[in-house]
Amino acid sequence: MTEVTTHAGAASIPHDWPKSLSRVPYWAFQREDVYAAEQERIFRGPAWHFLCLEGDVAQPGDYRATFVGDAPVVVTRDAEGAIHAFENRCAHRGALICLDEKGKGKKDFACVYHAWTYNLKGDLTGVAFQKGVKGKGGMPPDFKLSDHGPRKLRVARLHGLVFGSFSQEAPELSAYLGAEIESRIARVLKGRKPVVIGRYTQALPNNWKLYVENVKDSYHASILHLFFTTFEINRLSQKGAIIVDESGGHHVSYSAIERKATGDADYSEQKLRSDSQYKLADPTMLQGFREFDDDVTLQILTVFPTFVLQQIQNAIAIRQVVPRGPQAADLNWILLGFESDGPEERLVRLKQANLVGPAGFISMEDGCVGGFVQRGVAGAPDKRAVLEMGGHDAQSSESRVTEASIRGFWKKYRALMGIGTTP
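This text gives an overview of the structure that appears in the document. Remember, predicted model here, so these are calculated numbers, not experimental data.

On to the packing of aromatic side chains, then. According to the stated counting rule, one finds 17 aromatic pairs in the structure shown. Ring centres 5.3 Å apart and planes at 80 degrees place the aromatic pair Tyr63 and Phe109 in the edge-to-face group. In this pair, Tyr63 sits in strand 5 (residues 63-68) while Phe109 sits in strand 9 (residues 109-110), placing the two residues 46 residues apart along the sequence. Accessibility assignment for this pair places Tyr63 and Phe109 in one class, buried. Consider the rings of Phe304 and Phe409, whose centres lie 5.4 Å apart with planes at 45 degrees: the pair is tilted.

The next thing to look at is the environment of Phe67. Its place among the elements puts Phe67 in strand 5. Accessibility expressed as a relative area gives 27% for Phe67, which makes it partly exposed. Separated by 16 residues in sequence, Phe67 and Leu51 have C-alpha atoms that sit 7.1 Å apart. What Phe67 contacts, discounting residues up to four positions off in sequence, is Phe50, Pro72, Val73, Gln320, Val322 and Arg324.

Further remarks concern helix 3 (residues 179-189). Every buried residue belonging to helix 3 is among Ile181, Arg184, Ile185, Ala186, Arg187, Val188 and Leu189, and all of these are buried. Directly after helix 3, the chain includes Gly191, whose backbone phi takes a positive value near 80 degrees.

Here we take up the pattern of salt bridges. As enumerated under the stated definition, the model contains 20 salt bridges in all. Note that Asp295 and Arg290 form a salt bridge whose closest N and O atoms lie 3.1 Å from each other. Judged by relative accessible area, Asp295 falls into the buried class, the value being 18%. Look at Arg290 and you get exposed, because its relative accessible area is 56%. If you follow the salt bridges from partner to partner, you end up with Arg192, Glu291, Asp341, Arg346 and Arg349 in one network.

On to a nonpolar patch on the surface, then. On the surface, a cluster of nonpolar side chains totalling about 430 Å² of accessible area is made up of Leu96, Leu99, Val112 and Tyr113. Note that Tyr113 resides in the loop between strand 9 and strand 10 (117-118).

What follows deals with the environment of Leu336. Residue position: Leu336 is located in strand 20 (residues 329-338). Overall, Leu336 belongs to the buried group, its relative accessible area being 1%. Between the C-alpha atoms of Leu336 and Arg349, which are 13 residues apart in sequence, the distance is 8.1 Å. Ignoring sequence-local partners within four residues, the contact set of Leu336 consists of Leu53, Leu189, Pro194, Val195, Val196, Ile197, Ile316, Ala317, Ile318 and Arg349.

Moving on to the sheet that holds strand 19 (residues 315-323). Read from one edge of the open sheet, seven strands run 14-20-19-18-17-16-15, paired in antiparallel fashion. Each edge of the sheet is formed by a strand with only one pairing partner; in this case those strands are strand 14 (194-204) and strand 15 (239-244). For this sheet the average axis-to-axis angle between neighbouring strands, irrespective of direction, equals 10 degrees. Along the sheet face, helix 8 (residues 343-352) touches strand 14, strand 18 (307-312), strand 19 and strand 20 and points at about 160 degrees away from the line of strand 20.

With ten of ten residues buried, strand 20 is to be regarded as a mostly interior element. The alternating pattern of strand 20 places Ala329, Leu331, Trp333, Leu335 and Gly337 on one face and Asp330, Asn332, Ile334, Leu336 and Phe338 on the opposite face, and all of these are buried. By the bridge criterion, ten bridges tie strand 14 to strand 20 in an arrangement that is antiparallel. The residue bridging Pro194 from the neighbouring strand is Phe338, located in strand 20.

Residue placement: Thr76 occurs in strand 6 (residues 71-77). Within the local environment of Thr76, its side chain forms a polar contact with the backbone oxygen of Leu120, the two atoms lying 2.4 Å apart. Those residues in contact with Thr76 that sit more than four places away from it in its chain are Val57, Asp62, Tyr63, Ala82, Ile83, His84, Phe86, Phe109 and Leu120.

The side chains of a regular strand alternate between the sheet's two faces. The buried fraction of strand 4 (residues 49-53) is high, at five of five residues. With four bridges joining them, strand 4 and strand 13 (residues 161-165) adopt antiparallel strand pairing. Bridged to Phe50 within strand 13 is Phe163.

With that out of the way, let us pick up the packing of helix 4 (residues 208-216) against helix 10 (residues 404-417). Where helix 4 contacts helix 10, the axes come no closer than 8 Å and their chain directions differ by 140 degrees. Taken together, the axes of helix 4 and helix 10 are oblique relative to one another. Residues Trp208, Lys209, Val212, Glu213 and Lys216 of helix 4 pack against Ser405, Ile406, Phe409, Trp410 and Tyr413 of helix 10. Grouping the constituent residues of the contact of helix 4 with helix 10 by class yields six nonpolar, one polar and three charged.

Parameters and conventions
Residues numbered from 1 in each chain as written. Predicted model: local features only at pLDDT ≥ 70, side-chain atom pairs only at ≥ 80, totals over all residues. Heavy atoms only, no water. Phe/Tyr/Trp six-rings, centres within 6.5 Å; stacked < 30°, edge-to-face > 60°. Helix = DSSP H or I, 4+ residues; strand = E, 2+ residues; numbered from the N terminus. Buried < 20%, exposed > 50% of the residue type's maximum accessible area, 1.4 Å probe, protein only. Contact = heavy atoms within 4.5 Å. Salt bridge = Lys/Arg side-chain N within 4 Å of Asp/Glu carboxyl O. Patch = residues over 30% accessible without salt bridge, like charges linked within 9 Å, V, L, I, M, F, W, Y side chains within 5 Å. Areas by Shrake-Rupley, 256 points an atom, 1.4 Å probe, with all protein chains shown as cover. Pairing = 2+ DSSP bridges. Axes fitted to C-alpha atoms, helices over the stretch in contact; angles between N-to-C directions. Polar contact = N/O pair within 3.5 Å; in protein donor to acceptor, adjacent residues only side chain to side chain. Parallel < 35°, antiparallel > 145°, perpendicular 65-115°, else oblique. Nonpolar A, V, L, I, M, F, W, Y, C, P; charged D, E, K, R; others polar.

Structure, rendered in structure tokens:
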């Protein structure tokens, strides 16, 4: 038996976690104390989190509300053009400072409860009736505005993305990502100004980590997704690889089209779900354009803990996972085009957006399979998942028939949670 000890004053969490990365106890998806420790050690710990697009706060006075874990956050651009992020919590009684998802032309924020006001940097600038009324009441003489205010985040920008961290111990964003992961983000976004062509939030009936596992699971797509196998969009036999960074937490899975490829005996022997009777009413949905010189038509990239950058053919999207307790999460989708797109390219992106999302031809099943796991393990907190596909390590691989990137997630997770292991 081992323990996770949270920060000073917090309770310790008894754990029984096997040493092998290929075994994960199901209680990790179920317990309130584990969830609380994650908020402290991961979401308010030394990690970086996607906040918004730079374009969401393009002009001075623009703001966007978001989340880091379950903490509400506001991102702003001040009059000098600098981007700030701070907790969406009034320092007085804890009410939300910002009630809207987004806005423009803001000069300051005023809490609706008692009218404490904050500038675009998150500084407390005013307290209603601070001096009292007619010399009576009010705040004590030694009260200083500068001593109060919501927690501020460090902010870093990368290729049109805005990341934030509550921790001063987190390395600089470039070091946190590493050169290989950053280059794969640059491959999709660098030199192009993203334009949002759609947003929606999907409610997931499962722990946030189950969705992150799903995204890092590179071989389930050919088994779970009928659309993939029926229309042969992606095959594990295509040229591709899995990249897992040194920490284990970040990953890239990619595959490149083989323009002369024909049928694949390996697939027919697996008896995978497919049904050739299904046809598309509009086959042009799968007729994209060559966007990248490397012929990679699928790249899924994750940054620990909850950021996903997707390229499925010409469907480019960001997915942000937001924990909502031990057994629920939200998935924020941001569908992207680019300012340089022509009308035909924009139409292709809009059509191919139907591949993803809660009702997407490809990703519809991903929204419910995590719930199947959450329900399936409800009576088995002492049992363990088996993650042995491709071995026991968390190394990059030329084969996508592996669970190495999932094991990498747990490697990084255990390090930040301070989890010891047992044989």
